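# A structural walkthrough
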Amino acid sequence: MADDSNEPLTSKLTRTKERWAREGRFLTGKISRAEDERLPPGQHLTRDWPVLDLGLTPHVSRERWRLDVYGAVGQPIFWDFAQFTARPQTRSVSDIHCVTTWSRYDNQWEGLAVGDLLMACQPREDARHVVLHSYDGYTTNLTIEDFAAEDALLAHSWSGVPLTAEHGGPVRLVVPHLYFWKSAKWLQAIEFRADDAPGYWEVRGYHNRGDPWAEQRYSAD
Ligand SMILES: Nc1nc2c(c(=O)[nH]1)N[C@H]1C(S)=C(S)[C@@H](COP(=O)(O)O)O[C@H]1N2
Ligand SMILES: [Mo]
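Below you will find a few notes about this structure. In this text, all values refer to a predicted model and were calculated from it rather than measured experimentally. (Residues numbered from 1 in each chain as written. Chains lettered and ligands numbered in written order. Predicted model: local features only at pLDDT ≥ 70, side-chain atom pairs only at ≥ 80, totals over all residues. Heavy atoms only, no water.)

## Some points on the pairing of strand β5 (residues 102–113)
Two faces belong to every sheet, and in a regular strand the side chains alternate between them. Across the 12 residues of β5, 9 count as buried, placing the element largely inside the fold. Of the strand pairs in this sheet, strand β4 (residues 90–97) and β5 are connected by 7 bridges, and their pairing is antiparallel. When the bridges of β5 are listed, R91 appears paired with E110. Both β5 and strand β8 (residues 153–158) contribute to a ladder of 5 bridges, which runs antiparallel. By the bridge assignment, L112 is partnered in β8 with L154. (Buried < 20%, exposed > 50% of the residue type's maximum accessible area, 1.4 Å probe, protein only. Helix = DSSP H or I, 4+ residues; strand = E, 2+ residues; numbered from the N terminus. Pairing = 2+ DSSP bridges.)

Set out below in structure tokens:
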């Protein structure tokens, strides 16, 4: 696991991205989506796969990795990697849309569908929000409806091979219908809550929901 230094949390990258949020950088003002449109407004297609994070890569082996699911759930979960992969496995193909304007099509993911996780942890009636906690200290928040999206999954593999550390292995979240900052890398814990709790970028000028089709890049939108 990474050291506990807070230095990366106030890095130059963070300050730059906070400034983009203040300036409304990359906003096009377009709101409509044609039936056949696949690239959201203000995005461009990339064939490579950029790495974006806070400037440090936690190296968590599959042996040491744990997933903790707690809060407003009927069945709290504490799984190791073997227990996690013993659950039914799902494959799905989806597009990535990063708020810094790159998109990448046809990513093949494999892991545990969020729907199957929800069956296992049984969120309580009062569970309305989810906060993802990561091994690098990063957090991000989702409504339970966005988290439960049909194509959302906790992925351990990409293109048939284990997720690399730089892309969030052993396990990352993938929520294809929202900007990719919602897809927490190095997933450590999932907290179910009655109230919302904005995460790392959400308290730094980024939109609370982050729908690429509505160009919800920044919180002032
Ligand atoms: N734990 C963690 N997850 C994270 C981030 C991060 O800094 N830490 N960055 C987010 C952002 S801003 C993006 S665009 C994607 C980048 O994922 P990638 O590096 O695999 O492209 O991860 C998201 N998940
Ligand atoms: Mo991002």
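## Concerning the sheet that holds strand β3 (residues 77–80)
The 5 strands are arranged β3-β2-β11-β6-β7 in an open sheet whose pairing can be described as mixed. Since the sheet does not close on itself, it has two edges, and those belong to β3 and β7 (139–143), each with one partner. Adjacent strand axes in the sheet meet at a mean angle of 15° when their direction is disregarded. Strand direction decides the pairing type here: strand β2 (residues 66–71) and β3, joined by 4 bridges, are antiparallel. In the sheet register, R66 faces β3, and the bridge partner there is D80. Each of β2, β3 and β11 (187–193) touches helix α3 (residues 114–121); the most contacted strand, β3, lies at about 125° to it. (Axes fitted to C-alpha atoms, helices over the stretch in contact; angles between N-to-C directions. Contact = heavy atoms within 4.5 Å.)

## A word on the site of ligand 1
Neighbouring ligand 1 are 21 residues; P50, D136, H167, R172 and K185 lie closest to it. L52 places a main-chain nitrogen or oxygen 2.8 Å from an oxygen atom of ligand 1. In this structure, S183 approaches ligand 1 through a main-chain N or O atom, which is 3.1 Å from a nitrogen atom. Here the shell around ligand 1 is composed, by residue class, of 13 nonpolar, 3 polar and 5 charged. (Near = heavy atom within 4 Å. Polar contact = N/O pair within 3.5 Å; in protein donor to acceptor, adjacent residues only side chain to side chain. Nonpolar A, V, L, I, M, F, W, Y, C, P; charged D, E, K, R; others polar.)

## Brief notes about the side chain of D95
Along the chain, the position of D95 falls in strand β4. Only 3.0 Å separates the side chain of D95 from the backbone nitrogen of D106, close enough to count as a polar contact. Setting aside anything within four residues of it in sequence, one finds D95 in contact with R38, R104, Y105, D106, N107 and P176.

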